[in-house]
Amino acid sequence: MRALVMAALALALVASGWAVQAGPAPVRFTLGVDQEVVGLDPHIVTAFSSFRRLDLLYNKLVRYNDQLRIEPDLAESWETPDARTYVFRLRRGVRFHSGAELTSEDVKFSLERVLDPATRSPGRSYIDVIESVETPDRYTVRIRLRHPLASLLSGLASGNLAIVEKAAVLQHGNLQRVVAGTGPFMLAEWVPDNYMRLVRNPRYFRRGLPRVDEVVFRVIPDQASLLAGVRSGALDMATINQGSVVVQAKREPGVVVLQKPGINLRIFSFNTTRPPFQNPAVRYALSFAIDRDAIVQTAEMGFAEVSGPVPASVRTYALPVSQFPSYRRDVARARRMLAEAGYPNGFSTRIVTSPTYEGGIAVAQVIQAQLREVGVLATLEQVEWGTYIDRWVKRDFDTMVELRGGDPDPDRFLYRTFHSTGAVNNFLFKDEAVDRLLERGRVNLDPERRKPIYAELQTLLVERAPALFLYVPYETQVLRPAVRGFRLVGNGSLYYLEEVQK
Amino acid sequence: MPPERRWLTVVGGAVVLTAVVVAAVGPALWMESALVMRTERLLEGPSWRHPLGTDQFGRDLLSRLLVGARPSVVVAFGAVGCATLAGTTVGVVVGSVGGLADQVAMRVADVLFAFPGLLLAMAVMAVVGPSLRNLVLVLGLVYTPQFMRVARASALAVRREQYVEAAEALGASRWRIVARHVAPNAMAPVLVQISLGLSLAVLAESALSFLGLGIQPPVPSWGNMLSEGRQFMEIAPWNAIAPGLAIALVVLGFNLLGDGLQELLDPRMRPEGL
C-alpha cells in the first residue's frame, strides 16, 4: 500500500515537472574534440580547431557542399558580368544573433576588415585581388578585382571569410571572445579547456534548422578517451585522427565510423637551395625511391589515399596517380638517376619532423628506411612544435615532413605553395614553367579550360619535385548509431551539424 | 640479513647481470633485424618467427627489445659513473677540507637540486640536442649533487674518527688524509647511492626517449618503444607491454640489489652488530 502511495506521489511529481517545463528536455548534441581553441575571431584565427567551432557560429557568402562544390550560403545567387566583377545577391531577412538584420554593409565591412593589413588576417592573401567592394543596395554586393581570379569563390568559402556584424566589431574591437555571426548556433557558455555550449539560433535562415537544441564541444585531448566517450554515450560524435583508434572503432559494434579522404596533403619537402636538393634530378630520383603505399599502410594504417600535387579528393582536377611514373617504386632506377646526378654512393641528409600532427614521425621513419635502400642516409630531427614552425619560417631544414592544408581549387593551394613568389613556398622553389602554368590557371574562369593547364602542372610538379607528394589522410568522425543527418564535407568542416538529429 | 632478503638481493643481482649481458651481446641473440620494415607483417601478434610480435612498421619486437637494452644500460652506467666520479670526488674533498670550498660546492648543489631532476634533464637535452653521449652527460650532471651530498656527509662523519686524528697527529698532509683515510672509509653509502641511481637513470632514459628527447628513431630504446607502442595498447598491446615490462624489471633489479647492499653495508641495519 505504502509503495503504491509513493509511486503515485512520484508519478505526480514527474507529471508536474513536465507541466512546468512545458515541453521535452532540450536535445543536446555532444561533440568530443582533442583541442581547445585560442580565440573565435573568424578573421584572425588560423587553427583547424577554431574553424570547427566557427562553422556553427558564422556563415560565409558561399560554402562547399559535401561534393566539394560551391553552394550558396549568405549569398542567394551571384553573377560575373565580366571576369573582374562579381555581383552577390544576399538572402533577405537573415539576422545576426543580436537580432539585427544582415545587410550588404556588413559584408563590405567584413571583406574590408580582412583586407586591412592591420587585421593581420590569414584570409587576406585569398582575396587580395579585390580592388573595391560596393553596396549598390541593402542586399547587393559588387566586388571589383584587379585581375581575374578563378579561385575567388573558393577563397570566399574559407572560414576566414566569415561575415561578421559590423556594429559588434565596432563595439568590441575584436571577436576573439564574443560571437557576432548569423550561424545556426549561438555561443551560450565557454569554460576554456573544458567545454563550450552553443544553443540553437531560433532565427536561423535555413528553415527548420538546426534540429538539435544545443551543441556542446568537449575538449578531450586523448584519442582513445574520445572513442570511449562515444562508446559510453557521453559523446554523440568525436573527431578521430589516430589510425590505431580508428581501427579499434571499426571493430566495435556500438559506434559508426564515417570516413572520407580529406583535403590536407602530406608532403616530404626539400629545401631546394641546399645541396644536393638544388638539383631537380636528385629530388625526382628520390620520388622513385619511396613506396607511398607502404607509408600509407604503416603511418596511417591504411586510412589515407595516395595523392599527387592536387589533393586526390579533388576529383575534378586531380590526375590519377597512375599517370605519374615515379609513383611505382623503382629502387634500381632511383640509384641510376642518383648516379647520373653525381651521387653514385648516395649522400647524407636530415629530416625535420614534429610529433604534433599525428603520424609525422612515423612517415619520417618509413621514408628514412626506404631512402636507405638507395644509399641515402637520413637522420631524424624530432623537434617540438614551436621549433618546427620556427625552422619552417626560417627555411632551416634539408628535408621536412609536412601536412599542408589543401583546397578544392587548385589555384588556391598550388599558387601560394609553389609559385616562386608564393606565400608558403618554403622550399624556395623557383621554376619558370611552373610559374607560367600557375599564372595561366588562375586567370581562366572556365573549368574546362583550366583542367589541361593543371594536368600539365601536376605532371611538371611531380618531376621537378620541390616536394614529394605523398597522400591525403582520411577525415574520420566516430558517431553513436542514433545520430542521423551528419555528412562529412571533406575539408574538415562541421557545418552539417545543423542538420543532425538524435 | 634474513635468508629471504638475501635471496631477493641475488635475484636483483641476476636481473642486473642479465640486462648487462643483453646490452653487450643483445643483437647477436636473435637473427631478425631490429630495423627492417615489412609492410606485409604489420602489428602481428606473437608467433614463432616473431616471439614478441611486430610493431606498426612490421619490425620484429624481440630484436628491438634486445637492441634497446643497450641505451638503457649504457646510459644508466655511464650517467651514474659520471655522477659518482664527479660527485664523490667533490663531496669527499669539500667534506674533508670544509670552509669556503664546502659552502660554494653545497650551494651549487642546492641550485641543481632546486629543479626536479627530469625537468632539468629535459631542459638541457632540448638545448644540447638528443644523442646517446648527451644523455649520459646530462643525466650525469643531474645526478651529481646527490653523490656530492652523500659523499660529503659521509666524509664529515669519517673526518672525526680517531684514526683520522691520529694521522693528523702523525703529520700526514691534508691531501694524503683525504685520499688514504677519508675517501675509502666514506664509500659505503656511495655504493648504495650508485645502485639506486642506476634504477633512476634507467627510468630517466626511458622517460626522455619516450618524450622524444632521448634515443632517436629508428634506433630502438625501451623508452621510445614504449612511446610508439602506447597508441596500440588496445589493438596490439604487445607493443607497449614488452618494453614496459623490461623497464619495470630492470628498475626492480637495481632496487633489490640496492636494498641488499644497503643492509650489508649499513652498520645500523646489521642486527648481528658486526
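Residues numbered from 1 in each chain as written. Chains lettered and ligands numbered in written order. Predicted model: local features only at pLDDT ≥ 70, side-chain atom pairs only at ≥ 80, totals over all residues. Heavy atoms only, no water.

## As for the interface of chain A and chain B
When the parts of a complex come together, some accessible area is lost, and that lost area is often taken as the interface size.
Inference 1: Counting from both sides, the interface comprises 19 residues of chain A and, opposite them, 17 residues of chain B.
Inference 2: Contact with chain B buries surface across chain A, with A:Thr298, A:Gln365 and A:Gln382 losing the most and accounting together for 34% of the total.
Inference 3: Run the count over chain A and chain B and you get zero salt bridges.
Inference 4: Inspection of the region where chain A meets chain B yields seven residue pairs in polar contact (both at pLDDT 80 or more).
Inference 5: Elements with a contribution of two residues or more to the side of chain A that touches chain B: α8 (243–251), α10 (292–299), α12 (360–372) and β16 (377–382) of chain A.
Inference 6: Counting residues per element, the side of chain A that touches chain B draws most heavily on α12(A), at seven residues.
Inference 7: Taken together, the residues of the side of chain A that touches chain B break down into nine nonpolar, eight polar and two charged. (Contact = heavy atoms within 4.5 Å. Buried area = accessible area lost by both parts, 1.4 Å probe. Salt bridge = Lys/Arg side-chain N within 4 Å of Asp/Glu carboxyl O. Polar contact = N/O pair within 3.5 Å; in protein donor to acceptor, adjacent residues only side chain to side chain. Helix = DSSP H or I, 4+ residues; strand = E, 2+ residues; numbered from the N terminus. Nonpolar A, V, L, I, M, F, W, Y, C, P; charged D, E, K, R; others polar.)

## Some details on the pattern of salt bridges
Inference 1: Taken as a whole and assessed by the stated rule, the structure comprises 47 salt bridges over all chains.
Inference 2: Between A:Arg329 and A:Glu373 there is a salt bridge whose closest N-O contact spans 3.5 Å. Here A:Glu373 lies in the loop between α12 and β16 and A:Arg329 lies in the loop between β14 (304–306) and α11 (331–340), a separation of 44 residues in the sequence.
Inference 3: Assessed through its relative accessible area of 29%, A:Arg329 is described here as partly exposed.
Inference 4: The exposure class assigned to A:Glu373 is partly exposed, which follows from its relative accessible area of 41%.
Inference 5: Taking the shortest distance from any N to any O, the salt bridge between B:Glu32 and B:Arg38 comes out at 2.6 Å.
Inference 6: You can call B:Arg38 buried: its relative accessible area is 10%. (Buried < 20%, exposed > 50% of the residue type's maximum accessible area, 1.4 Å probe, protein only.)

## A short note on the packing of helix α2 (residues 61–97) of chain B against helix α3 (residues 99–114) of chain B
All names here are of chain B.
Inference 1: Axis separation between α2 and α3 bottoms out at 7 Å; the angle between their running directions is 140°. Classified by the angle their axes make, α2 and α3 are oblique. Taken as a pair, α2 and α3 cross one another with a handedness that is left-handed. In this structure, α2 uses Val90, Val94, Gly95 and Val97 to contact α3, whose residues at the interface are Gly99, Ala101, Asp102, Ala105 and Met106.
Inference 2: Of the residues in the contact of α2 with α3, the class split is six nonpolar, two polar and one charged. (Axes fitted to C-alpha atoms, helices over the stretch in contact; angles between N-to-C directions. Parallel < 35°, antiparallel > 145°, perpendicular 65-115°, else oblique. Left-handed = near helix turned anticlockwise from the far one by under 90°.)

## Re the packing of aromatic side chains
Any pair of aromatic rings gets described here by the distance separating the centres and the angle formed by the planes.
Residues and elements named next belong to chain A.
Inference 1: All told, the structure shown has 16 aromatic pairs over all chains when counted by the stated rule.
Inference 2: For the ring pair Tyr204 and Phe205, a centre distance of 4.8 Å and an interplane angle of 40° mean the geometry is tilted.
Inference 3: Judged by relative accessible area, Tyr204 falls into the buried class, the value being 6%.
Inference 4: Judged by relative accessible area, Phe205 falls into the buried class, the value being 14%.
Inference 5: Plain terms: the ring middles of Phe418 and Phe427 are 5.1 Å apart, the flat faces sit at 20° to each other, and that makes the pair stacked. Phe427 matches Phe418 in its accessibility class, with the two residues each being buried. (Phe/Tyr/Trp six-rings, centres within 6.5 Å; stacked < 30°, edge-to-face > 60°.)

## Examining the side chain of A:Glu165
Residue and element names in this part refer to chain A.
Inference 1: Tracing the backbone through its elements, the reader meets Glu165 in the loop between α5 (152–156) and α6 (166–172).
Inference 2: Buried and unpaired, Glu165 has Arg95 as its nearest opposite-charge partner, separated by 9.1 Å.
Inference 3: The residues contacting Glu165, other than those within four sequence positions of it, are Phe96, Ser98, Ala100, Asp106 and Ala180. (Lys, Arg positive; Asp, Glu negative; His and termini not counted.)

## Quick notes on the sheet that holds strand β5 (residues 85–90) of chain A
Residues and elements named next belong to chain A.
Inference 1: Spatially, the four strands line up as an open sheet ordered β4-β5-β7-β6, and their pairing is antiparallel. The open sheet has two edge strands with one neighbour each: β4 (75–82) and β6 (130–137). For this sheet, the mean inter-axis angle between neighbouring strands, taken without regard to orientation, is 20°.
Inference 2: Judged from the five bridges that link them, β5 and strand β7 (residues 140–145) form a sheet pairing that is antiparallel. Note on β7: the bridge partner recorded for Tyr86 is Ile143.
Inference 3: Of the strands in this sheet, β5, β6 and β7 are in contact with helix α3 (residues 104–115), which crosses β6 at around 170°. (Pairing = 2+ DSSP bridges.)

## Re unusual backbone geometry
Trans is the common state for peptide bonds, and a negative phi is the common state for residues other than glycine.
Inference 1: With an omega of -10°, the peptide bond between A:Leu209 and A:Pro210 qualifies as cis.
Inference 2: Here A:Pro210 shows up in the loop between β9 (195–200) and β10 (214–219).
Inference 3: Put simply, B:Pro217 and B:Pro218 share a cis peptide bond, and its omega is 10°.
Inference 4: In this fold, B:Pro218 is placed in the loop between α8 (187–210) and α9 (222–229).
Inference 5: Look at A:Asp193: it is not a glycine, yet its phi comes out positive at around 65°.
Inference 6: Along the chain, A:Asp193 falls in the loop between β8 (185–191) and β9.
Inference 7: Notably, A:Ala465 is not glycine yet its phi reads approximately 45°, a positive angle.
Inference 8: Of note, A:Ala465 is situated in the loop between α16 (447–464) and β18 (467–479).

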